[in-house]
Amino acid sequence: MTDNKKSLLDLPAWREKSLAAWRAATDLATSSMTLPKAFSPLVKVLVSSEPITQEVLTHELDCLFDTLYEHPLSEHSRLLTAYLRRNRIIPNEESTENLIRFLVKQTIQRSPVDIPDVVVDEFWQFFQELIESPELKGVVELNLDLVRAVLRSYEGLLVDIINKIKSLRKVNQTTFSDIIQKVRVLRGDIQILKRQIKAIRYIRPYFLTDPKDFRTQAEIVARMVREFGPLFIKMAQVAAANADFLPEEIARELQVFQEDVEPMTPDEVRQAFIEEFGEGPQAFYFGFDVEKPIKSGSIGSVYFAKKPIVRGGKEELVQVVVKVARHNLEREFAMGNLAIELMLISSQYWAPHSKLRPFLSAMSEQIKEFTRGFEQELDFLHEANIQQRFYERSQQSQVWSVPRLYGASGRIIEMEYVSGAKTIPQAIKCVERARRRRFQRQLAENFLFTMLEHLLVYQEFHGDLHPGNVMISGDGRLYLIDWGNAVDMRGKWSLIARYLRAVMIGDFDTLAQILVDMSTHPETNQQKIDEIRAGLQETLEKKNVHPLGRDFAIVLFREGQEGLRRRFQAALHLMSNTYQLGLTIKSDYLHLSRSLFAMAGTFNALYKDISGWTMASDALVNVGLFPIRYAWQRATAFQIESAPEPVNLLQARRKQLAYG
């Protein structure tokens, strides 16, 4: 009797569960039946005879994936994933926090210097401040994220292929070949992506090494960078600009990437000329040895050769430097971005945590924006324009110069050979010890003057002036090379000055507006400026940075040197907090900091074995004397021998073929 009563009492609960299950099954069936309608707009765009744009394809794909995300199957997947995580069958938030603790412990153990507890506590406070996310994604949603990320990276290529297919009835065999070439690009991308993902495997053996075995760690890092390819090599060059903050062994390995990397193969060099001009280098130069590059970098390799040029109405044979770009660099960079994005998305499975989701998403966008600044270095015509502009400016200088440009195409650039020029370490080493210290300080004075002239007068400067890109001629003149990237300061001075001033005085309103102006989507971010302002205010208050009023002088005096240091640290901390605020800073501002660090690293390298006090005092004196020295240089300016007008090599070759 008791059992019957119990079953009767449970009957409503069973009925409710049955109805809930029935409703879920009905919703799933109904949604699955209507799912083909979600594909309908995309199919209509694809089958229409009109060409499509990338914006249209992006919109239709976004609408399709929004529908897929809302499908009941995604909800069931989320519930199932949550159940598995609660029961520790798959990684969960607790395992992620343990992983973070392991990484922090490894970092502390491997640090060449002792890390104070206050720094560790600050990191955990920063970790806890990461924005909360509604809840973790399910496995189906993560797979949708992966698919959407891959499709997004190929949207431009897909639009090209789709439009080619749509016009098949009108095109000739050339277009068919073009389509086949696009398919080959896809196949090549798979090989690139496999190599890059394989390179990331070095992370595991890195953490298995002894925490203080920096030599082994350096070798592992170098192998990973070389195997990943050009994108990681560029990042290694950026890291090498801050080598003073790294263990000596790792710094030494990274500095190698500033001076030389694995050269192009002879076949790759010949293929570059054939793709550009239809013939090998022997058709254009004398003594071009494809097996003996004088230097190699992430973008290409450099060779000596001789070429006849017309100067003053007479033809003469001159020695030139020929720079050849590597093959498929655009795809290397694109696949590098995709590999990093896939790794970050996948991390939501093996290290799920609600607080990490917005942080990793913002980091992914910021990495893509950062690498966008490297992409302009891939076009040698763009580099030639920058080099020619600075060459003309150098005509008025007595301390710095730029190799004169003879010609360029998309993948080939040829320029003046500077006889006897050496790198900074080579030039310093060649000077006898008794005169070396004075020679180094003179080079540093000239280098600082050059940078101030570029910054203050031209408001444009070399985007990657690490020590490997500064050559010293026999008479001590600075030759600046590798002009693939330049930073334009016009329109940035006031924004940067306002930012530093706003941090110093704790002006939350101005800070929020400046970060919005620096972001990639200022219109969208303007709508959440109140949220950004509140986040900045909270961060500054936790940093004990309070707004300054009319009594600012008294407050700063009371805070002393420690207060100034705290306010400058807050400036750096706020830039890193953009991940939390959902902001992506424009690549211009990121590469501005990268360029300044590179120049600072070069200036520091010129003072090798000289005290920091001497370097600081020299810098202050030379900055103060810059206006006088610059005025004297302009008053005594002279013209360097005029150079032949640079030509577009590809256009010149086409004209030559046209006239037989």
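In the block above lies the structure referred to throughout.
Residues numbered from 1 in each chain as written. Predicted model: local features only at pLDDT ≥ 70, side-chain atom pairs only at ≥ 80, totals over all residues. Heavy atoms only, no water.

Enquirer: Where do I start with the overall build of the protein chain in this structure?
Expert: Per the secondary structure count, the protein chain includes 27 helices and twelve strands. Taking all 660 residues of the protein chain together, 44% fall into the buried category. Expressed as a percentage of contacts within the protein chain between residues at least 6 apart in sequence, the contacts between residues at least 24 apart total 73%. With an accessible surface of roughly 35,700 Å², the protein chain has 58% of that area assigned to carbon and sulfur atoms. (Helix = DSSP H or I, 4+ residues; strand = E, 2+ residues; numbered from the N terminus. Buried < 20%, exposed > 50% of the residue type's maximum accessible area, 1.4 Å probe, protein only. Contact = heavy atoms within 4.5 Å. Areas by Shrake-Rupley, 256 points an atom, 1.4 Å probe, with all protein chains shown as cover.)

Enquirer: Which parts of the structure should I look at to understand the sheet that holds strand β7 (residues 422–423)?
Expert: Pairing is mixed in the open sheet, where four strands are placed in the order β4-β10-β9-β7. Looking at strand neighbours, the two that pair on one side only are β4 (400–401) and β7, the edges of this open sheet. (Pairing = 2+ DSSP bridges.)

Enquirer: How should the side chain of Glu416 be read in this particular structure?
Expert: Note on placement: Glu416 falls in strand β6 (residues 412–416). Given the relative accessible area of 17%, Glu416 is considered buried. The contacts of Glu416, once residues within four sequence positions are left out, are Val321, Val402, Pro403, Arg404 and Tyr406.

Enquirer: Please explain the packing of aromatic side chains as it appears in this structure.
Expert: Within a pair of aromatic rings, the relevant descriptors are the distance that separates the centres and the angle that separates the planes. Taken as a whole and assessed by the stated rule, the structure comprises 15 aromatic pairs. Aromatic pair Phe449 and Phe626: ring centres 5.3 Å apart, planes at 50°, arrangement tilted. You can see Phe449 sitting in helix α18 (residues 433–458) and its partner Phe626 sitting in helix α26 (residues 612–635), a full 177 residues away along the chain. Note on Phe449: relative accessible area 3%, which makes it buried. The class for Phe626 is buried, based on a relative accessible area of 8%. Members of the aromatic cluster, each reached through a chain of ring pairs, are Phe273, Phe277, Phe284, Tyr285, Phe288 and Tyr303. For Arg201, the ring lying beneath its charged end belongs to Tyr202, and the centroid distance is 4.5 Å. Here the basic side chain of Arg629 rests over the ring of Phe449, its NZ or CZ set 4.8 Å away from the ring centre. (Phe/Tyr/Trp six-rings, centres within 6.5 Å; stacked < 30°, edge-to-face > 60°. Lys NZ or Arg CZ within 6 Å of the ring centre and 35° of its normal.)

Enquirer: What am I meant to see in the pairing of strand β3 (residues 314–325) here?
Expert: Each regular strand carries side chains that alternate between the two faces of the sheet. The pairing of strand β2 (residues 300–311) with β3 spans twelve bridges and is classified as antiparallel. Bridging across to β3, Arg311 finds its partner in Lys314. Where β2 hands over to β3, the hairpin turn is made up of two residues, of which Gly312 adopts a positive phi near 65°. Relative to β6, β3 runs antiparallel, the two being bridged by five bridges. Counted as the bridge partner of Val321 is Met415 from β6.

Enquirer: Looking at this model, I keep getting lost on empty space enclosed by the protein. Mind explaining?
Expert: Sizing a probe to match a water molecule and rolling it over the atoms shows the empty space that remains. Across all of its chains, the model carries one cavity of 30 Å³ or more by this definition. In this structure, the largest cavity spans a volume of roughly 30 Å³. Forming the boundary of the largest cavity are Lys234, Glu377, Asp464, Asn469, Asp482, Gly484, Asn485 and Arg594. Counted by class, the lining of the largest cavity contains no nonpolar, three polar and five charged residues. (1 Å grid on protein atoms, 1.4 Å probe; cavity = no way out; pocket = protein on both sides within 12 Å on 5 of 7 lines; lining within 4 Å. Points joined across faces, edges and corners; volume = space filled by probe spheres on them. Nonpolar A, V, L, I, M, F, W, Y, C, P; charged D, E, K, R; others polar.)

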